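# Coordinate analysis (summary)
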Amino acid sequence: MEALAIHGGAPVRTKPFPQWPVYGEAEERHLLEVLHSGKWGGIGRVKLPEFEERFAAFHGAAHAVTVVNGTVGITIALMAAGVGPGDEVIMPPYTFIATATSSLLFGAIPVFADVEPDTLLLDPDKIEALITAKTKAIVTVHLGGAPSDMTRLRTIADRHGLTLIEDSAQAVGARWEGKAVGALGDLGTFSFQSSKNINAGEGGIILTNDKKLADKAWSLVNVGRIREGAWYQHEHIGWNLRMTEFQAAVLLGQMSRLDEQMDKRERNGKLLTELLGNIVGIHTIRRDPRITKHAYHLYLFKLDSSVADTVDKNEVIRRLNSEGIPVSYGYVSLNRNEALIREIESRTGERRVQDCPISERACQKEVLWLHQNVLLAEEEDMVDIAKAVRKVMASLGTGSMGRP
Ligand SMILES: Cc1ncc(COP(=O)(O)O)c(C=O)c1O
């Protein structure tokens, strides 16, 4: 057996994966235009409306409202839909903590519905048992860029009169049955934080096909103004949660490369799935055939349960990292996050600890992540990843170099 790099053997690779962000002349040109225009914020902006229009059109949405970040995007989407303090919002626990804190920011209460074992996305079968008189919304998460089952989620939301929000922070450009995410639900939100597939350092956007919701969101983000109103006319309570012209400039540049990068991630993601699918001890994540475009913000794969029960996930990560493969651990299941449990208790008077065994097991034992920049590498780099995974799995005594 080949010696592992962690034990002094030669690593499978030393070549670095592509850096993120990717940027160039387009960002530079848009940024300089903003700089020299002197219009960096306030009224009479150019880049921000241009970006909102392009981003909405790219996702087939009628309206877009930019915001300071993705977290606030979810908060404003919920508030625009009329969700208030004490109302309950159903969401998956296998997601970034902001999916939950965006509700808590104004006193709405997250309720966690477990994920599907094969897709790791919100399980529609787990939702209805959690609906109470206080439930007002479902926030689904297109985790890693894979759209969740919008067909069933829409049916459930409609049956119970709930608002359906898509947390699409990781899913710019992803498509479900040919239609882009973001406006499949009542509202959809995106993040432009620095790791995301288009990046302005920070930033976010809300999409919707409903003009009333868009106007309400716009007002909340613009200190309660109304679009056609005067500068000091505040019809609602709102805040200054606006993005700047500089962020919009960078994002226009980032969008110019998006199609090409999405195609590359999609090609490499599919190849990696083929290659990893041949390795004993590894399972790839099921891709619903109705996902017609995967955004691959993350590439997730899993240890087989027999391996996961006998080997520490951190040890697998250490071994793969030493072989030159930047896999990472990923989330802690939100239903077990003590800070969230304490905050929910302080608002409801109840210590609610929910069981979400699929998500908990995925976090603690099974699921490994690769980030989107890895999928911007070349075919031979995907082959290196599979080689390293095969080498490490063989070292763990899973007993085989491949399925027959
Ligand atoms: C699933 C998910 N939701 C929400 C957010 C919050 O976005 P932001 O960091 O822009 O506030 C992120 C990313 O950071 C995310 O990955």
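Residues numbered from 1 in each chain as written. Predicted model: local features only at pLDDT ≥ 70, side-chain atom pairs only at ≥ 80, totals over all residues.

### Considerations on the overall build of the protein chain
Secondary structure assignment for the protein chain yields 13 helices and 13 strands. Since a compact globule built from 404 residues should have a radius of gyration of about 22 Å, the 22 Å found for the protein chain is in line with a globular shape. Here the C-alpha coordinates of the protein chain stretch approximately 75 × 55 × 35 Å along the principal axes. Here the protein chain holds 404 residues, and the buried ones make up 49% of them. Here the analysis covers contacts within the protein chain between residues at least 6 apart in sequence; of these, 70% occur between residues at least 24 apart. (Helix = DSSP H or I, 4+ residues; strand = E, 2+ residues; numbered from the N terminus. Rg over C-alpha atoms; globule rule 2.2 N^0.38 Å. Buried ≥ 20, exposed ≤ 12 C-beta atoms within 10 Å, placed from the backbone. Contact = placed C-beta atoms within 7 Å.)

### Some thoughts on the sheet that holds strand 3 (residues 109–112)
The strands that make up a sheet are held in pairs by hydrogen bonds between backbone atoms, and each pair lies either parallel or antiparallel. Here we have 7 strands laid out as an open sheet, ordered 1-9-8-5-4-2-3, and mixed in their pairing. Each having just a single partner strand, strand 1 (63–67) and strand 3 make up the two edges of the open sheet. Between one strand axis and the next, the sheet turns by 25° as a mean value, whatever way the strands run. Taken together, the 5 bridges between strand 1 and strand 9 (residues 204–208) define a ladder with antiparallel strand orientation. When the bridges of strand 9 are listed, T66 appears paired with I205. Sitting on the sheet, helix 3 (residues 70–80) touches strand 1, strand 2 (88–91), strand 4 (135–141), strand 5 (163–167), strand 8 (187–191) and strand 9, and the angle it makes with strand 8 is about 165°. (Pairing = 2+ DSSP bridges. Axes fitted to C-alpha atoms, helices over the stretch in contact; angles between N-to-C directions.)

### Observations concerning the nonpolar core
The biggest cluster of nonpolar side chains holds 116 residues, and the ones touching the most others in it are V67, I76, A77, V89, A217 and V389. Broken down by element, this core gets its largest block of residues, 7 residues, from helix 13 (residues 379–395). Lining this core are residues from two domains, each supplying at least three of them: domain 1 (25–255) and domain 2 (258–395). Residues in contact with V89, not counting those within four places in the same chain, are L78, V83, S103, A108, I109, P110, V111, K136, A137 and V139. (Core = buried A, V, L, I, M, F, W, Y, C linked by C-beta atoms within 7 Å. Domains from an automatic or database assignment.)

### Notes on the pairing of strand 8
Burial of strand 8 is extensive: 5 of the 5 residues sit out of reach of the surface. As paired strands, strand 5 and strand 8 are joined by 3 bridges and run parallel to one another. Among the inter-strand pairings, D167 is bridged to a residue of strand 8, identified as T189. For strand 8 and strand 9, the ladder comprises 4 bridges, and the chain directions are antiparallel. When the sheet's bridge partners are listed, F190 is paired in strand 9 with I205.

### Things to note about the site of the ligand
Around the ligand there are 14 residues in total, and N69, G70, T71, A169 and S191 lie nearest to it. Sorting the residues of the shell around the ligand by element identifies helix 3 and helix 4 (98–104) as the ones contributing at least two each. In the shell around the ligand, the residues fall into 4 nonpolar, 9 polar and 1 charged. (Near = placed C-beta within 6 Å. Nonpolar A, V, L, I, M, F, W, Y, C, P; charged D, E, K, R; others polar.)

### Brief notes about the packing of helix 1 (residues 25–37) against helix 7 (residues 245–255)
Packing of helix 1 against helix 7 leaves a shortest axis separation of 7 Å and a crossing angle of 155°. One element, helix 1, and the other, helix 7, form an angle in the roughly antiparallel class. For the pair helix 1 and helix 7, the sense of crossing is right-handed. In this structure, helix 1 uses A26, E27, H30, L31, E33 and V34 to contact helix 7, whose residues at the interface are E245, F246, A249, V250, L252 and G253. Classifying every residue of the contact of helix 1 with helix 7 by side-chain character gives 7 nonpolar, 2 polar and 3 charged. (Parallel < 35°, antiparallel > 145°, perpendicular 65-115°, else oblique. Left-handed = near helix turned anticlockwise from the far one by under 90°.)

### Some words on the packing of helix 3 against helix 6 (residues 211–221)
Close contact between helix 3 and helix 6 brings their axes to 9 Å; oriented N to C, the two are set at 125°. In terms of their interaxial angle, helix 3 and helix 6 are classed as oblique. At the point where helix 3 passes helix 6, the crossing takes the right-handed sense. The segment helix 3 lies against helix 6, with I76, A77, M79 and A80 engaging L213, K216, A217, L220 and V221. Looking at the contact of helix 3 with helix 6 residue by residue, the class counts come to 8 nonpolar, no polar and 1 charged.

### A closer look at the domain arrangement of the protein chain
In terms of domains, the protein chain is made up of domain 1 (25–255) and domain 2 (258–395). Tallying the contact residues gives 38 residues for domain 1 and 36 residues for domain 2. Of all elements in the fold, only helix 4, strand 3, strand 6 (175–176) and helix 7 reach the threshold of two or more residues within the side of domain 1 that touches domain 2. Among the elements that line the side of domain 1 that touches domain 2, the one with the most residues is strand 3, at 3 residues.

### A look at unusual backbone geometry
A cis geometry characterises the amide bond from W20 onward to P21, with omega recorded as 5°. Note that P21 resides in the segment before helix 1. Even without being a glycine, V223 presents a positive backbone phi close to 45°. Counting through the fold element by element, V223 comes out in the loop between helix 6 and helix 7. Here the phi dihedral of Y296 falls at roughly 45°; this positive angle occurs in a residue that is not glycine. One can find Y296 in the loop between strand 11 (291–293) and strand 12 (298–303). On the basis of neighbour counts, which here come to 31 C-beta atoms within 10 Å, the residue Y296 falls in the buried class.

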